[in-house]
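Structure at a glance
Here is how the chains run, residue by residue.
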Amino acid sequence: MTTAIPRTGAAGAGSKPFYASFGFQVLAAMVIGLILGWVARNMGPVAPGQPNWLTVTLSTTGSIFVQLLQALVPPLIFTAIVASISNLRQLSNAAALVWQTLLWFAITAFIAVLIGIALGLIIQPGINAGVAAASAKAPGSVGSWLDFLKGLVPANMFGLQATTRVEGGGATTRLGFNVLQLLVISIVVGVAALKVGERANSFLALNESFLAIVRKILWWVIRLTPIGTIGLLGNAVAQYGWQTLEQLSWYAFAVYLGLAIVLLLVYPALLVLHGLSPARFFAGAWPAIQLAFVSRSSIGTLPVTEAVTEKSLGVPREYAAFAVPLGATTKMDGCAAIYPAISAIFVAQFYGVPLGIQEYVLIAFVSVIGSAATAGLTGATVMLTLTLSTLGLLLAIDPILDMGRTAVNVAGQALVPTLVAKRQGMLDQAQYDRAGDIEAIDATPRAA
């Protein structure tokens, strides 16, 4: 099956009407969600502590959508990482390419996190939030270097961990995946498969097939994004109200300003330094960036990102098959650099928690490690252990922020392979100079 991705510009003949496009559906869902949330809030609770039927419906819809996405995270991370490592078999200069790829992942992430920290200190979103800190539970503990190092070591082969919560005189235990540990396990398994050689061919073929199946399931879930958006945004308005969400405007502004600086200033500057046209890059990568914005999923966008990186930007297929899947799970300048840096500073300012040089270095280090490390250290705020209503408040506007974050993530996932291919003399310059002129791109994942 092929996925036709039209050129940027006027729609060609036979294209779908604008109201049938996925992007329009997501935007329409945001409007509907806001309206339904306003209606639900004005309906009021049925009784004290008992929300009305519309609020319950919105909350349930949003929760189910998030659960579906979370259920796919473990198999996606494992299969994508193992598949990307297995593709190194096709490269004669694999060691140099791996080193260069990881180095530029780190360089761009470091630049992004510095921008996030700077904006957090300049804009001070936590101080300007205007939300009463007394209404939320303060963080009970903060992370440390020791916590980070301990989190790297898998407790079991599946990265499973149990969380027990005592509430109302009873204890509830839930199982979940430690994404950081799952990343370590996936890398170890992938490297071991390479070392085993031919005896691992059956396993790698099975992994490749499993990855294709999981991608297809993920795309089905992504198609539910409009419904999930209605539930998430509607519940946010119903629960917090317009005024509370408006008080996070400085926080949202800081995040989007950081994303804009990275996407429109840092990335073009790196391209120019490597003798590449920023205009050609964005023309070639636009189909993936656009899909990432509306789908809010780097993994879901992966087939398109891999296709434009190879067919539009001129990166060799063998290298793109390694770098892009690896980047889709570990290279996230939006989610794992700018966003966690600003969020950590927001929460610290919100509660008056002092941050010293050691804490800022920890924020930067963990962000450079990648999004898996961020997820492994209690979500978006990196170094602060958050079991508080403020986190829920931040998550209330997360769908809006996540669109911009994912677009920057995917742009970076196409940028780094392009830069490394150029530095290694592997880039098809003629193909790059024609980027954006291809009528359609075959986005079907190709066998190794």
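Residues numbered from 1 in each chain as written. Predicted model: local features only at pLDDT ≥ 70, side-chain atom pairs only at ≥ 80, totals over all residues. Heavy atoms only, no water.

Some remarks on the overall build of the protein
When its secondary structure is counted, the protein shows 17 helices and 2 strands. The proportion of buried residues among the 448 residues of the protein is 50%. Here the analysis covers contacts within the protein between residues at least 6 apart in sequence; of these, 84% occur between residues at least 24 apart. (Helix = DSSP H or I, 4+ residues; strand = E, 2+ residues; numbered from the N terminus. Buried < 20%, exposed > 50% of the residue type's maximum accessible area, 1.4 Å probe, protein only. Contact = heavy atoms within 4.5 Å.)

Remarks on the confidence of the model for the protein
Overall, the prediction assigns the protein a mean pLDDT of 76, with 73% of residues at 70 or greater. Looking at the elements of the protein, mean pLDDT is at its lowest for helix α14 (residues 371–376), recorded as 39, and at its highest for helix α8 (residues 249–273), recorded as 92. Counting interchain partners and residues more than four positions distant, the pLDDT-below-50 stretch residues 371–390 has 67 contacts. Low pLDDT (under 50) marks residues 438–448, which in the prediction has 35 contacts with non-local residues, meaning those over four places away or in another chain. (pLDDT = per-residue confidence, 0-100.)

Observations regarding the nonpolar core
Counting residues in hydrophobic clusters, the biggest one holds 83 residues, and the most contacted among them are Y267, F281 and Y319. If near-sequence neighbours (up to four positions away) are discounted, F281 is found in contact with L271, L313, A411, A414, L415, T418 and Y432. (Core = buried A, V, L, I, M, F, W, Y, C linked by side-chain atoms within 4.5 Å.)

Brief notes about the packing of helix α3 (residues 94–123) against α8
One way to put it is that α3 packs onto α8 with a least axis distance of 10 Å and a crossing angle of 145 degrees. The crossing of α3 and α8 is right-handed. Every residue of α8 that contacts α3 at W104, T108, I111, A112, I115, L119 and I123 is listed here: W250, F253, A254, L257, G258, I261, V262, V266 and L270. Here the residues of the contact of α3 with α8 sort into 14 nonpolar, 2 polar and no charged. (Axes fitted to C-alpha atoms, helices over the stretch in contact; angles between N-to-C directions. Left-handed = near helix turned anticlockwise from the far one by under 90°. Nonpolar A, V, L, I, M, F, W, Y, C, P; charged D, E, K, R; others polar.)

Considering helix α6 (residues 201–222)
With 22 residues, α6 ought to run about 32 Å at 1.5 Å a step, and its terminal C-alpha atoms sit 31 Å apart, in line with that. Listed in full, the buried residues belonging to α6 are L204, N207, L211, V214, R215, L218, V221 and I222. All buried residues of α6 fall inside an arc of 115 degrees around its axis, so they share one side. Summarising the geometry of α6, the exposed residues directed more than 90 degrees from the buried face are S202, L206 and W220. (Expected span 1.5 Å × (residues − 1). Arc of directions from axis to C-beta.)

With respect to the environment of G116
Mapped onto the elements of the fold, G116 is located in helix α3. We classify G116 as buried; its relative accessible area is 0%. In this structure, the C-alpha to C-alpha distance between G116 and I342, residues 226 residues apart in sequence, is 5.4 Å. Contacts of G116, omitting those with residues within four sequence positions, involve I338, A341 and I342.

Details of the environment of Q25
Residue position: Q25 is located in helix α1 (residues 22–43). Expressed as a C-alpha distance, the spacing of Q25 and T225, which sit 200 residues apart in the sequence, is 8.8 Å.

Brief notes about α3
Relative to the 44 Å expected for 30 residues at 1.5 Å per residue, α3 spans 43 Å between its end C-alpha atoms, a close match to the ideal helical length. Once α3 ends, the next one or two residues include Q124, with phi positive near 50 degrees.

Considering a nonpolar patch on the surface
Taken together, the side chains of F210, I213, I217, W219 and W220 make up a nonpolar region of the molecular surface, amounting to roughly 500 Å² of accessible area. When you line up the elements, I217 lands in helix α6. Look at I217 and you get partly exposed, because its relative accessible area is 34%. (Patch = residues over 30% accessible without salt bridge, like charges linked within 9 Å, V, L, I, M, F, W, Y side chains within 5 Å. Areas by Shrake-Rupley, 256 points an atom, 1.4 Å probe, with all protein chains shown as cover. Salt bridge = Lys/Arg side-chain N within 4 Å of Asp/Glu carboxyl O.)

Concerning the side chain of R405
Looking at the element boundaries, R405 is found in helix α16 (residues 398–423). When its relative accessible area of 4% is taken as the criterion, R405 is described as buried. With sequence-adjacent residues up to four places away left out, R405 is seen in contact with L259, G334, C335, Y339 and D398.

What about the packing of aromatic side chains?
Geometry of an aromatic ring pair is reported as the spacing of the ring centres plus the angle between the planes. Counting across every chain of the model gives 4 aromatic pairs. Ring plane angle 90 degrees and centroid distance 6.0 Å describe the contact between W250 and F253, whose orientation is recorded as edge-to-face. Pair noted here: W250 and F253 are both in helix α8, with a separation of 3 residues, about one helical turn. Using a relative accessible area of 42% as the deciding quantity, one classes W250 as partly exposed. The interplanar angle of 35 degrees and the centroid separation of 6.5 Å between the aromatic rings of Y319 and F322 together place this pair among those described as tilted. Remark: F322 and Y319 occur in helix α11 (residues 317–330); sequence separation between them is 3 residues, near one turn of the helix. According to the relative accessible area criterion, Y319 is buried, its value standing at 0%. Judged by relative accessible area, which is 3%, F322 ranks as buried. (Phe/Tyr/Trp six-rings, centres within 6.5 Å; stacked < 30°, edge-to-face > 60°.)

A word on unusual backbone geometry
Residue Q124 is not a glycine yet carries a positive backbone phi of 50 degrees. Relative to the helices and strands, Q124 is located in the loop between α3 and α4 (145–152). For Q124, a relative accessible area of 32% translates into the label partly exposed.

A short note on the packing of helix α2 (residues 53–86) against α6
Relative orientation and spacing of two packed helices are given, respectively, by the angle between their axes and the distance between those axes. Axis separation between α2 and α6 bottoms out at 9 Å; the angle between their running directions is 150 degrees. As summarised for this structure, α2 and α6 are arranged roughly antiparallel, according to the angle between their axes. Crossing geometry of α2 relative to α6 is assigned as left-handed. Residues F65, L68, L69, L72, P75, L76, F78, T79, A80, V82, A83 and S86 of α2 form the contact with α6, whose participating residues are F203, L204, N207, E208, F210, L211, V214, R215, I217, L218 and V221. Looking at the contact of α2 with α6 residue by residue, the class counts come to 18 nonpolar, 3 polar and 2 charged. (Parallel < 35°, antiparallel > 145°, perpendicular 65-115°, else oblique.)

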